[in-house]
Amino acid sequence: MELHAKPLTREAFEPFGDVIEVSDDAEKISINYGLTERFHALTSLDVTDEAGQGIISVFRSSPKACCDINDKKGQLTIDCMERHPLSSQAFYPLSANAYLVVVAPKGEFDVTKLQIFIAQGNQGVNYHKGTWHHYSLALGKTSDFLVVDRQGVGKNCDEVTLENTITIHFNLDNRNY
């Protein structure tokens, strides 16, 4: 199976979660004596099921060995997906590198409903509770992500292994491939 990545936009990603980015659409609040502009409440967390609590971590993700990039176009293969049934999970890049976001709707996993987005280094995502997603897919170089998610009791990670690998094609210029 082969799929193509499309640009990450709020509208296209809405069924799966929120896009986290600084934009003119965000609520802005002047703070710190007018020296700081706060882009307020870019997303909200959903982490309290089964007495969970929010935590902040940094994930350092290396590109997959099968990731091949040539002249800003590339491809890689995936063979698994995961979801967090008890909480949302937010990722924001700290390294300003593009990365891939692979998602499928909540419910029973359905490979035919996969969607792939290419996120730029100034765009984060907040996966809704139960949304299927691939782990961080750094492209080209090792990348750090600020991650806000849940810790606590209860099983909060389901994984599936795909019957067949999926090849994803992408364009680092954030254009449809």
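Here, every reference points to the structure presented above.
In short, a report on the structure.

**So, the overall build of the chain**
Scanning the chain from terminus to terminus reveals 1 helix and 16 strands. Taking 177 residues into account, the globule formula puts the C-alpha radius of gyration at 16 Å, and the chain, at 16 Å, falls close to it. Each of the 177 residues in the chain was classed as buried or not, and the buried ones make up 42%. Intrachain contacts of the chain at a sequence separation of at least 6 include 81% that bridge at least 24 residues. A total of about 9500 Å² of accessible surface is found on the chain, and carbon and sulfur atoms cover 47% of it. Here the chain holds 16 positive side-chain charges and 24 negative ones, and the gap between their average locations is 2 Å.

**Some remarks on the state of the cysteines**
Counted by the stated rule, this structure contains 0 disulfides. Free cysteine Cys 66: the closest other cysteine sulfur is in Cys 67, separated by 6.9 Å. The class for Cys 66 is partly exposed, based on a relative accessible area of 32%. Summary of cysteine pairing: Cys 80 is not part of a disulfide, and the nearest cysteine sulfur, belonging to Cys 157, is at 9.7 Å.

**Remarks on the sheet that holds strand E6 (residues 53-61)**
Sheet strands line up and pair through hydrogen bonds in the backbone, either parallel or antiparallel. Judged by pairing direction, the sheet is antiparallel, and its 5 strands sit side by side in the order E3-E12-E9-E15-E6 without closing on themselves. Since the sheet does not close on itself, it has two edges, and those belong to strand E3 (17-20) and E6, each with one partner. The average undirected angle you get between the axes of adjacent strands in this sheet is 15°. Where E3 meets strand E12 (residues 124-127), 4 bridges bridge the pair, whose relative direction is antiparallel. Bridging from a neighbouring strand, Asp 18 pairs with Asn 126 of E12.

**As for the pattern of salt bridges**
Inspection of the entire model under this criterion finds 6 salt bridges. Residue Asp 46 is joined to Lys 129 by a salt bridge in which the shortest nitrogen-to-oxygen separation is 3.3 Å. Here Lys 129 lies in the loop between E12 and strand E13 (132-133) and Asp 46 lies in the loop between strand E5 (36-40) and E6, a separation of 83 residues in the sequence. The partly exposed category is assigned to Asp 46, whose relative accessible area is 31%. Using a relative accessible area of 22% as the deciding quantity, one classes Lys 129 as partly exposed.

Cut-offs and rules
- Residues numbered from 1 in each chain as written.
- Predicted model: local features only at pLDDT ≥ 70, side-chain atom pairs only at ≥ 80, totals over all residues.
- Heavy atoms only, no water.
- Helix = DSSP H or I, 4+ residues; strand = E, 2+ residues; numbered from the N terminus.
- Rg over C-alpha atoms; globule rule 2.2 N^0.38 Å.
- Buried < 20%, exposed > 50% of the residue type's maximum accessible area, 1.4 Å probe, protein only.
- Contact = heavy atoms within 4.5 Å.
- Areas by Shrake-Rupley, 256 points an atom, 1.4 Å probe, with all protein chains shown as cover.
- Lys, Arg positive; Asp, Glu negative; His and termini not counted.
- Charge placed at Lys NZ, Arg CZ, Asp CG, Glu CD.
- Disulfide = S-S within 2.5 Å.
- Pairing = 2+ DSSP bridges.
- Axes fitted to C-alpha atoms, helices over the stretch in contact; angles between N-to-C directions.
- Salt bridge = Lys/Arg side-chain N within 4 Å of Asp/Glu carboxyl O.

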